[in-house]
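Chains, contacts and geometry: an overview
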Amino acid sequence: MSRLVDWLDSRTGVRSLVHEVLFERIPGGARWRYVWGSTLTFCFAVQVITGIVLWMAYSPSATTAWESVYYIQHEMTGGWLLRGLHHFTAQAMHVLLVLHLLQVVIDGAYKAPREVNYWFGVVLMLLTLGLGLTGYLLPWDQKGYGATKVATALMGLVPGVGPSLQKLVVGGTEYGNHTLTRFFALHAGLLPALMVGAVAAHVALFRRHGITARQPLRRPEGRFWPDQVLMDGVACLAVLAAVLYLTLRHHGAELHAPADATQPFNAARPEWYFLFLFEFLKLEVLTSWFGHHGELVGAIIVPGAVLGLLAAMPVLGNWRLGHRFNIGFLVVLLLGSLGLTFRSLQSDATNAGYQAAVRGATEASARAVALIKANGGIPPAGAASLLRNDPATAGPRLFAQHCASCHRYDGHDGQGTVAAELPSAPDLKGFGSRSWLAGLLEPSKVTNHAYYGGTKFKDGKMVKYVVGKLPKRHASNPGALEAMIAAVSAEAALPAQRDQDAADAALLEKGRSHVRETFGCTDCHAFRKPDDEASAPDLTGWGSREWVVGVIADPTHVRFYGSRNDRMPSFVKDGRLTDVEAGLLADWIRGDTDAKAVVQRAARR
Amino acid sequence: MSNPVEKVPAEGRRAFLKEAAAGVVGGCCLLVPAGAGLVAWLDPLSQPSGGGGWVRVAALSALPADGAPRRVTVVSERRDGWTREPEVPLGAIYLRRTGERSVQALHSVCPHAGCFVDYRPEPRSFFCPCHDSTFAVDGSINDPGSPSPRAMDGLEVELKGDEVWVRFVQFRTGIKEKVAVS
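On a predicted model such as this, the values are computed, not experimentally measured, just so you know.

1. Some words on the overall build of chain A
The helix and strand tally for chain A stands at 26 helices and two strands. Its C-alpha atoms give chain A a radius of gyration of 34 Å, more than 25% over the compact-globule value 25 Å for 605 residues. Taken along its principal axes, the extent of the C-alpha atoms in chain A is 105 × 65 × 45 Å. Here chain A, with 605 residues, has 50% of them falling under the buried criterion. Put simply, of all contacts in chain A between residues at least 6 apart along the chain, 67% involve residues at least 24 apart.

Here it is in structure tokens:
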């Protein structure tokens, strides 16, 4: 063994190298305050290992980025653990960087002759921030997409070259495939390569100058191996424990719904270690002092000046009070950043709109996963296409956009916004259900604004019937009204009433005869057989998918309101909605949003 | 034989020439891959920018008469790197009826930092969730503390019968002037 080492040493000089690496002198002995650099190197090693394996499963394009990350997070064995380690180690690095910088500055380790090494440290900090920024976009989810859009928009503010720079970073004028390929090349290629080089230089220079021992020396001189290595190892273990804790708690890392430029994302926030900058841009001081240049000042000039001051520290440190100034500046910077971060977190915690948006984002992401599971995978057009064809996702949006200026859904516009003005058409929450129909046939409710109150039908035959004849017929035929309601409502075949309808077969049979005989609905409405003289909407299949799509398509059709239609546009006939959109609206209103049923319908199209 | 005093400058000159030649040769070797890389990297600057075309976005009769903004998705053809998608959602705009036959179109991207501006029927104004910029219903800045340097970006609108057409353009953010991204 020893002869083999001799042989190797005579050809490589490995002994002296190992000796140099392991037996570095540490005046005053090993100390806990020297561990930060090693923990950062450890984190970088974790990022390289986890990053390379993530790379093996990641595909950077607009239709595969989110999809491949979804696979890592939700389907790959141990994928969530890998992704969580990568995600939270990145965050740990930012914290450790600050601690390392603090220790270096407080101990005066940046002063001559260590200036160049300190500058390598500043470069490493920028590279770490760059890796964080580029990594945030790669999952191509709503959050990373929104945050990076802001970051690249700010890049465009750099005087002179800004717009060209922005275009080069984004890979064109718009976010797309080339944004991902470029960000990924930076994140997995250029920045890590620069990082490796800078770390090598940083460590080599550190070894050249030796450790800046904290005075006074408390103990006799020690050696790197094993004294300091043990401490470094324990510190790395502590970092790993924290990262593992966060990974297990979050079961990996968060993955929001796929990026969509057509929908507002009110939960848009940068990663937490950029929150101070985000909050800084919100400060009114910027606009009140610098007017419309506030953005440039806040996003480019101030951060640039801070960076300049950080880089100038070794020079400033030569002044008599320079070192104290440096420490003071760093502490003020740190407290300021912490204050801004806290302010941002606190204002979000008390902001109901933001909290609702976060809940919505969590639901959207869970919905995407449910649809993919139901579909047995993601279609080639990407996960966004699944959501676009999902009534639970698209229904409320379409409703808010096309229906909510007249109708309501449970009092709101489908997306939770309650308008001040009264609706001019019925509330469609639960349309087709027994309870909805019972409300319509209730004399005290039929002229409510949830039913016909806002329509011209409030003075029509139906309301007269509900207020006049119906209560009398109801009184002389106990149970008939309930049966009739159940029978007409069963025409809708609502998923929520499926079991109830099946169990009530006998009741429905009775109800169907009450429709004709007891209540005489068929005097005006057609029911289960063609009726050329019908003057009111067809009750055959009333509230069914086909019926609702038909009304949305063209309410002026003789089967529905004909010439008596009150203001409702013929959405599909006039080209305002496509058949597919009308179907999505119908499915959502009917509560037919079970993921399995949704993907089966989409497959049939 | 040769005079050593004379030899030094000759050697010095030859050495300099060698060094210069080595530098040039080495530089040339690196220049080709670096140059090729740089040219290809600069490709986005020479590509025609997408967008800027007229897109049919809505039916005029679908816009509420009370002038409330309605969010509309802009669907059109898009070339995204190697992909050509004939019908893809490009973004969203707000349409607002300002008269019997006049419509105002506002871009949904905040002119401050590029987030998606949301419309709130109460209190009938636009709100950006990122840095709390607010805008009046016509897109103008309605709060002196708003961080946005300019009003929301209007888009050119053309009415053809009942069809509303809009020229969908992206604008640079964070500056006072409204400049199209090109």
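2. Notes on helix α7 (residues 142-155) of chain A
All names here are of chain A. An ideal rise of 1.5 Å per residue puts 20 Å on 14 residues; α7 measures up with 20 Å between its terminal C-alpha atoms. Summarising burial for α7: 12 of the 14 residues are buried, a large majority. Residues Gln 142, Lys 143, Gly 144, Tyr 145, Gly 146, Ala 147, Thr 148, Val 150, Ala 151, Thr 152, Ala 153 and Leu 154 constitute the buried set of α7. Residues of α7 that are buried sit in contact with α6 (115-137), α8 (162-170), α9 (177-209), α11 (275-282) and α13 (294-316).

3. A closer look at a nonpolar patch on the surface
A grouping of Val48(A), Ile52(A), Val53(A), Trp55(A) and Met56(A) is seen on the molecular surface, where their side chains present a nonpolar patch of about 470 Å² in accessible area. Structurally, Met56(A) can be placed in the loop between α3 (36-55) and α4 (65-74).

4. A word on the interface of chain A and chain B
With 46 residues of chain A at the contact, the number on the chain B side is 48 residues. At the boundary of chain A with chain B, total buried surface from both sides reaches about 4,200 Å², with 54% on carbon and sulfur atoms. Taken together, chain A and chain B are joined by one salt bridge. Put simply, Asp132(B) and Lys282(A) hold a salt bridge, and the shortest N to O gap is 3.8 Å.

5. What about the pattern of salt bridges?
Any two side chains of opposite charge can pair if their charged atoms end up close together. Residue and element names in this part refer to chain A. What the rule picks out here adds up to 29 salt bridges over all chains. As a salt-bridge pair, Arg 528 and Glu 491 come within 2.9 Å of each other at their nearest N and O atoms. Taken together, the residues Arg 528 in the loop between α23 (505-516) and α24 (545-553) and Glu 491 in the loop between α21 (480-490) and α22 (498-503) connect sequence positions 37 residues apart. Its relative accessible area of 46% is what places Arg 528 among the partly exposed residues.

6. A short note on the environment of Phe276(A)
Residues and elements named next belong to chain A. Among the secondary structure elements, Phe 276 is positioned in helix α11. Considered as a pair, Phe 276 and Tyr 136 are 140 residues apart in the sequence and their alpha carbons are 17 Å apart. Beyond its immediate stretch of four places on either side in the chain, Phe 276 contacts Ser 337, Leu 340 and Thr 341.

7. A word on the sheet that holds strand β5 (residues 118-120) of chain B
All names here are of chain B. One open sheet accounts for three strands, arranged β5-β6-β7; its pairing is antiparallel. Two strands lie at the open edges of the sheet, namely β5 and β7 (134-135), each paired on one side alone. Note that β5 and strand β6 (residues 125-127) share three bridges and pair antiparallel. Paired with Asp 118 across the strands is Phe 127, a residue of β6.

8. Re the nonpolar core
The biggest cluster of nonpolar side chains holds 48 residues, and the ones touching the most others in it are Phe399(A), Phe431(A), Leu441(A), Met484(A), Phe519(A) and Trp542(A). Those elements giving two or more residues to this core turn out to be α17 (391-403), α18 (434-440), α19 (461-467), α21, α24 and α25 (579-589) of chain A. With residues near it in sequence (within four places) discarded, Leu441(A) still touches Met462(A), Val466(A), Leu470(A), Leu481(A), Met484(A) and Ile485(A). Grouped together as the second largest cluster of nonpolar side chains are 34 residues, Leu281(A), Phe126(B), Cys128(B) and Ile175(B) included.

9. Observations regarding α25(A)
Residues and elements named next belong to chain A. In terms of residue burial, α25 counts as a mostly covered element, since eight of its 11 residues are buried. The set of residues buried in α25 consists of Ala 582, Gly 583, Leu 584, Leu 585, Ala 586, Asp 587, Trp 588 and Ile 589. With its phi angle positive at about 70°, Gly 591 sits one or two positions after the end of α25.

10. So, the state of the cysteines
All chains considered together, the criterion is met by one disulfide over all chains. Here Cys115(B) engages in a disulfide with Cys130(B); their sulfurs sit 2.1 Å apart. Between Cys115(B) and Cys130(B), the disulfide has an S-S torsion of -90° and is therefore left-handed. Taken together, the residues span a long stretch of sequence, with Cys115(B) in the loop between β4 (102-107) and β5 and Cys130(B) in the loop between β6 and β7 at a distance of 15 residues. The pair formed by Cys115(B) and Cys130(B) is uniform in burial state, with each residue classed as buried. This cysteine, Cys524(A), is not joined by any disulfide, and Cys521(A) carries the nearest cysteine sulfur, 9.0 Å off. Cys524(A) gets classed as partly exposed once you look at its relative accessible area, which sits at 24%. You can see Cys28(B) has no disulfide; the closest cysteine sulfur is in Cys29(B), sitting 7.0 Å from it.

11. Regarding the domain arrangement of chain B
Partitioning chain B into domains gives domain 1 (4-44) and domain 2 (54-167). If you average the C-alpha positions of domain 1 of chain B and of domain 2 of chain B, the two centres end up 57 Å apart.

12. Section: the packing of α3(A) against helix α10 (residues 224-249) of chain A
Residues and elements named next belong to chain A. For the pair α3 and α10, the least separation of the axes is 9 Å and the interaxial angle reads 50°. Classified by the angle between their axes, α3 and α10 sit oblique to one another. Like other packed secondary-structure pairs, α3 and α10 cross with a definite hand, here right-handed. Touching Ser 38, Thr 39, Phe 42 and Cys 43 of α3 are Asp 232, Ala 235, Cys 236, Val 239 and Leu 240, all from α10. Classifying every residue of the contact of α3 with α10 by side-chain character gives six nonpolar, two polar and one charged.

Rules used in this analysis
Residues numbered from 1 in each chain as written. Chains lettered and ligands numbered in written order. Predicted model: local features only at pLDDT ≥ 70, side-chain atom pairs only at ≥ 80, totals over all residues. Heavy atoms only, no water. Helix = DSSP H or I, 4+ residues; strand = E, 2+ residues; numbered from the N terminus. Rg over C-alpha atoms; globule rule 2.2 N^0.38 Å. Buried < 20%, exposed > 50% of the residue type's maximum accessible area, 1.4 Å probe, protein only. Contact = heavy atoms within 4.5 Å. Expected span 1.5 Å × (residues − 1). Patch = residues over 30% accessible without salt bridge, like charges linked within 9 Å, V, L, I, M, F, W, Y side chains within 5 Å. Areas by Shrake-Rupley, 256 points an atom, 1.4 Å probe, with all protein chains shown as cover. Salt bridge = Lys/Arg side-chain N within 4 Å of Asp/Glu carboxyl O. Buried area = accessible area lost by both parts, 1.4 Å probe. Pairing = 2+ DSSP bridges. Core = buried A, V, L, I, M, F, W, Y, C linked by side-chain atoms within 4.5 Å. Disulfide = S-S within 2.5 Å. Domains from an automatic or database assignment. Axes fitted to C-alpha atoms, helices over the stretch in contact; angles between N-to-C directions. Parallel < 35°, antiparallel > 145°, perpendicular 65-115°, else oblique. Left-handed = near helix turned anticlockwise from the far one by under 90°. Nonpolar A, V, L, I, M, F, W, Y, C, P; charged D, E, K, R; others polar.

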